[in-house]
Each structure stands twice: as C-alpha cells, then as structure tokens.
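Notes for the structure review
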Amino acid sequence: MFGLNSRFQIAAILFLIVIIYDYVKYRKIPLYSTKFFSWMMLFASINLVADIATVYTITHMDEVPAFINRFAHQIFIGSLDCCIMSLYFYVSALGKNQKRHNLIHTIIRLIPFAVAMVLVVFGELKYYNDGVTVYSYGIMATTVYASIVFYILFIFVDLIKYRKTISPDKTLAISLGATVWVIAAIIQFLFPRYLLSGLFSILMIF
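All of the points below concern the structure found in this document. (Residues numbered from 1 in each chain as written. Predicted model: local features only at pLDDT ≥ 70, side-chain atom pairs only at ≥ 80, totals over all residues. Heavy atoms only, no water.)

1. Focus on a nonpolar patch on the surface
On the surface, Leu103, Ile104, Ile107, Ile108, Ile111 and Val115 cluster together to form a nonpolar patch covering roughly 580 Å² of accessible area. In this fold, Ile104 is placed in helix α5 (residues 103-122). For Ile104, a relative accessible area of 56% translates into the label exposed. (Patch = residues over 30% accessible without salt bridge, like charges linked within 9 Å, V, L, I, M, F, W, Y side chains within 5 Å. Areas by Shrake-Rupley, 256 points an atom, 1.4 Å probe, with all protein chains shown as cover. Salt bridge = Lys/Arg side-chain N within 4 Å of Asp/Glu carboxyl O. Helix = DSSP H or I, 4+ residues; strand = E, 2+ residues; numbered from the N terminus. Buried < 20%, exposed > 50% of the residue type's maximum accessible area, 1.4 Å probe, protein only.)

2. With respect to the packing of aromatic side chains
Within this structure, the stated rule accounts for nine aromatic pairs. Here the aromatic rings of Tyr88 and Tyr151 are separated by 5.9 Å at their centres, their planes lie at 40°, and the arrangement is tilted. Of the two residues, Tyr88 sits in helix α4 (residues 66-95) while Tyr151 sits in helix α6 (residues 139-161), which places them 63 residues apart along the sequence. Judged by relative accessible area, Tyr151 falls into the buried class, the value being 0%. Between the aromatic rings of Phe150 and Phe154, the centroid separation amounts to 6.5 Å while the plane-to-plane angle is 45°, which identifies the pairing as tilted. Residue Phe150 and its partner Phe154 are both found in helix α6; the two are separated by four residues, about one turn of the helix. A relative accessible area of 41% means that Phe150 is categorised as partly exposed. (Phe/Tyr/Trp six-rings, centres within 6.5 Å; stacked < 30°, edge-to-face > 60°.)

3. Here's the deal with the environment of Ser38
Position of Ser38 among the secondary structure elements: in helix α3 (residues 32-59). Through-space distance from the C-alpha of Ser38 to that of Ser86 is 9.0 Å; in sequence the pair is 48 residues apart.

4. Details of the pattern of salt bridges
Within this structure, the stated rule accounts for one salt bridge. The residue Lys126 makes a salt bridge to Glu124 at a minimum N-O spacing of 3.8 Å. For Lys126, a relative accessible area of 39% gives the class partly exposed.

In structure tokens form, the structure reads like this:
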C-alpha cells in the first residue's frame, strides 16, 4: 500500500532531480528574487520528503507513534505553506526591481502565513486509512488551501500592478505556475485520495 500511495511522489522526485541539476549548473546572480526562488526550491524539496514520510506514517499507523505521525504532517503541511509564501515574495521581488520590501508591506503579506503556521502547530488533523487509500484532513490541512487562495490572489495582483516591470515571459511562467497550484488545490480538495501536492509543487517550479 505504501508503494501504491507514493507513486506520485516518486514521479516528483524525478522531476526534482532534473530541476536541481539545471539550477545548480549555472552561477546565480545574488538577487532577492533568486534568494526567494532558492528558498522555494528548498521548501519544495523538504515538502516532497515529508510527503513520502507521511504516506509511510499513515500506512503504518499501528507501528508509528502518534506524535511522529503528526510531526511528519506538520513538516509536510508547513513546508508547503512556506513554498507558497516564497513564490509570492519571489514575484514581489521581481516587481520591485529587487528592492527591499518595506516593513508594513511585509507584515501584511505575512499575516496569512503566520495564521497558517499557528494552525499547523495547534490545529486538529485526522487521518483516513481504509487499507488501500490514505490521506489526512482537518483544520491543519485546510491551511494549505487558505494559503493558496491568499497568496495566489496576491501574486496576480502584483502581476497586474508590476506588469511594466516584470517581463512578459516571466509573467507567463508565473501565471502558469500559479495556475498549476490552483488546479492542484481543486483536484486535491475534490479527490483527497490522490496525493498530488508534492508532484504539483515540483511541476510549478519546473
């Protein structure tokens, strides 16, 4: 059952290897946008590892202590929230021509993330395991959907606001990446048995 439920994560690993190879092959200019993109890749990698770990902990709930199962899910869900937030700040850095964000702007844009992290730490999480299909649900898992709603909205607002600053090719790529996440969220919400978040995160970065 573990192998069956981790098939999408295995596909994501293959994509990730290609992306990391291509990313590290070239010297990077130390821009703010580059730093945020690097953070996004790091969080996506952590999320993928945690994704596989959560599949294991749910499929072996009789053997794995409950606190380890919950901790694995906190890393999985928290890293995905971090990845979504990093994408927004990457876009914002492009729009502001690599200038620093002012404090008020940063605080306002971090409010959804801060709320999500509180719920990741203290929120309720339940598990479904019928012997074939496994997944988690509850207020903690819902933070991902909320983060996507807020930060994808922020992203499209910035794409419009900075349409003269962000190049058309980057705007198209970011729009496609954000759309991928929206599609993934809808599919995951409607069909929770398909564990697609890790795969779609890597496809978004790709």
